[in-house]
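Structural overview for review
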Protein chains: 2
Amino acid sequence: MTSHIKFQVKQLIRISYDFLLRCIFHILSVGPIPTHIAFIMDGNRRYARKNNIGLKDRYRPGFLALMSRVKHCYELGVKYITIFAFSLDNLRRQPEEIQRLMELLREKIEVFLENDGFIKKYGVRLYFVGNLTVLGEDIHAAANRLMEETANNTTTYLLVCVGYTSTYEMVHAFEESIHLGKENRIIELEDIEKQMYMSIAPKPDILIRSSGETRLSNFLLWQTEFSLLYCPSALWPELGLWHMVWALLNYQRHYAYFQKKMKN
Amino acid sequence: MTSHIKFQVKQLIRISYDFLLRCIFHILSVGPIPTHIAFIMDGNRRYARKNNIGLKDRYRPGFLALMSRVKHCYELGVKYITIFAFSLDNLRRQPEEIQRLMELLREKIEVFLENDGFIKKYGVRLYFVGNLTVLGEDIHAAANRLMEETANNTTTYLLVCVGYTSTYEMVHAFEESIHLGKENRIIELEDIEKQMYMSIAPKPDILIRSSGETRLSNFLLWQTEFSLLYCPSALWPELGLWHMVWALLNYQRHYAYFQKKMKN
């Protein structure tokens, strides 16, 4: 009997939460919705330490939080999501930590390849952005396969930055511009922008970095000149819907300014 | 008699404030002090509107606030200060607004050239950073003169970004790297960094943007990857010593992290 009541209370909470969620979405969708949101998912290791989670499961809560946030964004009408999965600088971490990150990446790519429920539901085109050679041959091949398999989707986009830093992206883009440009031709801003990995998406409207750190850590430096930066103190796995609501309200408050800047 | 009491009360407040200031400085100087602080001085126009200040005097409160903050920083031991005086994007504003900005710049350069009290007291070397040709011939010449006259100072540095945007700086640096590089030589990150206008200073430890806007607005994108960003809601002329204290305390709290990043 007690467990029955508990179950009913849980159900009631879930239904109320869903209702509240729909209300918030309804309110927010009246205002302008950002086209592109980028995330720096900071605080996974601190969350694991706080909750005594071992290395093996260190990134699981973060991945669950990510999927939840991405789904909410797509349902709201956000077309592009970019996440900083791991930086070239992360490769300087402990070898077992890097191995765990790579295993998680391989595991998630395989899940997406075998079960395309999420991809089909939201019409997601997946991109891996950065120096993919650092992934190792088999993960690189799997990543390419996933990109090919989703290449015809155009409803939403998920850009996963791996082996990425913004300075690496910029230097790469300049070199490509030189190689593609004619001799002695002056390189224009547009030439360089076209060669950026991130040229596949418009510039982010919002950049969210969790865990209260207010640094860009070499992520999308070129692309976030006029983005709204939002750095809530919650660790990444704790970043909830309310933080998203707050970010969106802030975006809507500054919308006129953003529009003006984009037109310039 | 009343005016005498008023005067004494004012004196007492001033003495207490000075004493408090010295206490704060003493406490802060025990911890690590940043080498370089950069400022985006946002909110001058809003402050002028709020206080019914006309176009002629629009930037005066902001300039007074700047001098006060710069002096406090130098007294604390900060060696480099960079300010975003005006962006290349600002040139799209109303002509009378641009004219007022240029007049203010000319006026301040002349004041520094005629009265070098501030420059001598703090041993300031002045740099104007950006595309100085947008200043017009006479202001450009005056700026060059001021740079030459302070060229032997090495105690502190004041970098004034005029006609600057970060993307302009980067493209300029890439072009210079190409011109200086040998044919078919791969351009390295270091080659580009050497050609940046801002290569005269270490990367900023703290970037402060007033008026609560959390955007970099095309300012020092390359240099602030690991800088602490601090965006208090105060408009620029209202930015007080307490905001500086808060920024410094935050910097000291994250000091170990910054040191680690700088070493990498």
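Residues numbered from 1 in each chain as written. Chains lettered and ligands numbered in written order. Predicted model: local features only at pLDDT ≥ 70, side-chain atom pairs only at ≥ 80, totals over all residues. Heavy atoms only, no water.

As for the relation of the copies chain B and chain A
Expressed as a screw transformation, the operator carrying chain B onto chain A has a rotation angle of 180° and an axial translation of 0.0 Å, and the superposed copies differ by an RMSD of 0.1 Å. Such a combination of turn and shift is consistent with a two-fold rotation axis. No C-alpha of chain B approaches the rotation axis more nearly than that of B:L221, which lies at 2.8 Å. Both copies contact each other with a shared surface, as 100% of the interface residues of chain B are interface residues in chain A too. (Least-squares fit on C-alpha atoms with pLDDT ≥ 70 in both. Contact = heavy atoms within 4.5 Å.)

Considering the packing of aromatic side chains
Residue and element names in this part refer to chain A. Considering all chains together, one arrives at 25 aromatic pairs over all chains under this definition. Relative to F219, the ring of F84 has its centre 4.3 Å away and its plane inclined at 10°; by these criteria the two rings are stacked. Of the two residues, F84 sits in strand β2 (residues 80–87) while F219 sits in the loop between β5 (206–209) and β6 (228–230), which places them 135 residues apart along the sequence. Like F84, the residue F219 is buried in the burial classification. Members of the aromatic cluster, joined through ring pairs, are Y74, F112, F118 and Y122. Cation over ring: K108 sits above F63, and NZ or CZ is 4.3 Å from the ring centre. (Phe/Tyr/Trp six-rings, centres within 6.5 Å; stacked < 30°, edge-to-face > 60°. Helix = DSSP H or I, 4+ residues; strand = E, 2+ residues; numbered from the N terminus. Buried < 20%, exposed > 50% of the residue type's maximum accessible area, 1.4 Å probe, protein only. Lys NZ or Arg CZ within 6 Å of the ring centre and 35° of its normal.)

Some points on the pattern of salt bridges
All names here are of chain A. By the definition in use, this model includes 27 salt bridges over all chains. A salt bridge links D138 to R106, with the nearest nitrogen and oxygen atoms 2.5 Å apart. On the criterion of sequence distance, the pair formed by D138 in helix α6 (residues 137–149) and R106 in helix α4 (residues 95–114) is long-range, its members being 32 residues apart. Here D138 falls in the partly exposed class, since its relative accessible area comes to 45%. (Salt bridge = Lys/Arg side-chain N within 4 Å of Asp/Glu carboxyl O.)

Notes on a nonpolar patch on the surface
Where nonpolar side chains cluster on the molecular surface, the patch consists of A:I5, A:V9 and A:I13 and spans about 270 Å² of accessible area. A relative accessible area of 41% means that A:V9 is categorised as partly exposed. (Patch = residues over 30% accessible without salt bridge, like charges linked within 9 Å, V, L, I, M, F, W, Y side chains within 5 Å. Areas by Shrake-Rupley, 256 points an atom, 1.4 Å probe, with all protein chains shown as cover.)

Some remarks on the sheet that holds strand β4 (residues 156–164) of chain B
Strand-to-strand pairing in sheets goes through backbone hydrogen bonds, with the strands running parallel or antiparallel. All names here are of chain B. Reading across from one edge, β3-β4-β2-β1-β5-β6 is the order of the six strands in this open sheet, with parallel pairing throughout. Each having just a single partner strand, β3 (124–129) and β6 (228–230) make up the two edges of the open sheet. Averaged over all adjacent pairs, the angle separating strand axes in this sheet is 20°, with direction ignored. Both strand β5 (residues 206–209) and β6 contribute to a ladder of three bridges, which runs parallel. Following the sheet pairing, I206 is matched in β6 by L228. Against the sheet, helix α4 (residues 95–114) makes contact with β2 (80–87), β3 and β4, and its axis sits at roughly 145° relative to β2, the strand it touches most. (Pairing = 2+ DSSP bridges. Axes fitted to C-alpha atoms, helices over the stretch in contact; angles between N-to-C directions.)

Some remarks on α6(A)
All names here are of chain A. Helix length check: α6 (13 residues) gives 18 Å between terminal C-alpha atoms against 18 Å at 1.5 Å per residue, within 8%. Inspection of α6 places I139, A142, A143, L146 and M147 among the buried residues, and these make up the whole buried set. All buried residues of α6 lie within an arc of 140° about the axis, which places them on one face of the element. Exposed positions of α6 whose direction lies more than 90 degrees from the buried face are E137, E148 and E149. The inward-facing, buried residues of α6 contact α4, α5 (117–122) and β3 (124–129). (Expected span 1.5 Å × (residues − 1). Arc of directions from axis to C-beta.)

Some thoughts on the sheet that holds β3(A)
Residues and elements named next belong to chain A. The strand order across the open sheet formed by six strands is β3-β4-β2-β1-β5-β6, and the pairing between neighbours is parallel. With partners counted over all chains shown, the strands left at the sheet margins are β3 and β6, one partner each. If you compare each strand with its neighbour and ignore which way they point, the axes differ by 20° on average.

Section: the nonpolar core
With 109 residues, the main nonpolar core has B:F39 and B:F128 as its most contacted residues. With eight residues, α4(B) is the single largest residue contributor to this core. In contact with B:F128, not counting residues within four places along its chain, are B:L105, B:I109, B:A143, B:L146, B:M147, B:V160 and B:V162. Within the second largest apolar cluster, 56 residues are counted, among which are A:Y74, A:L76, A:L146 and A:W236. (Core = buried A, V, L, I, M, F, W, Y, C linked by side-chain atoms within 4.5 Å.)

Some points on the environment of B:R93
Note that B:R93 resides in the loop between β2 and α4. Apart from residues no more than four positions distant in its own chain, B:R93 is found in contact with B:R45, B:Y59 and B:I98.

Thoughts on the confidence of the model for chain A
Residues and elements named next belong to chain A. Scored by pLDDT, chain A has a mean of 88; 95% of the residues are at 70 or more. Looking at the elements of chain A, mean pLDDT is at its lowest for helix α10 (residues 255–263), recorded as 74, and at its highest for strand β1 (residues 36–40), recorded as 97. The ipTM assigned to the predicted complex is 0.74, against a pTM of 0.83. (pLDDT = per-residue confidence, 0-100.)

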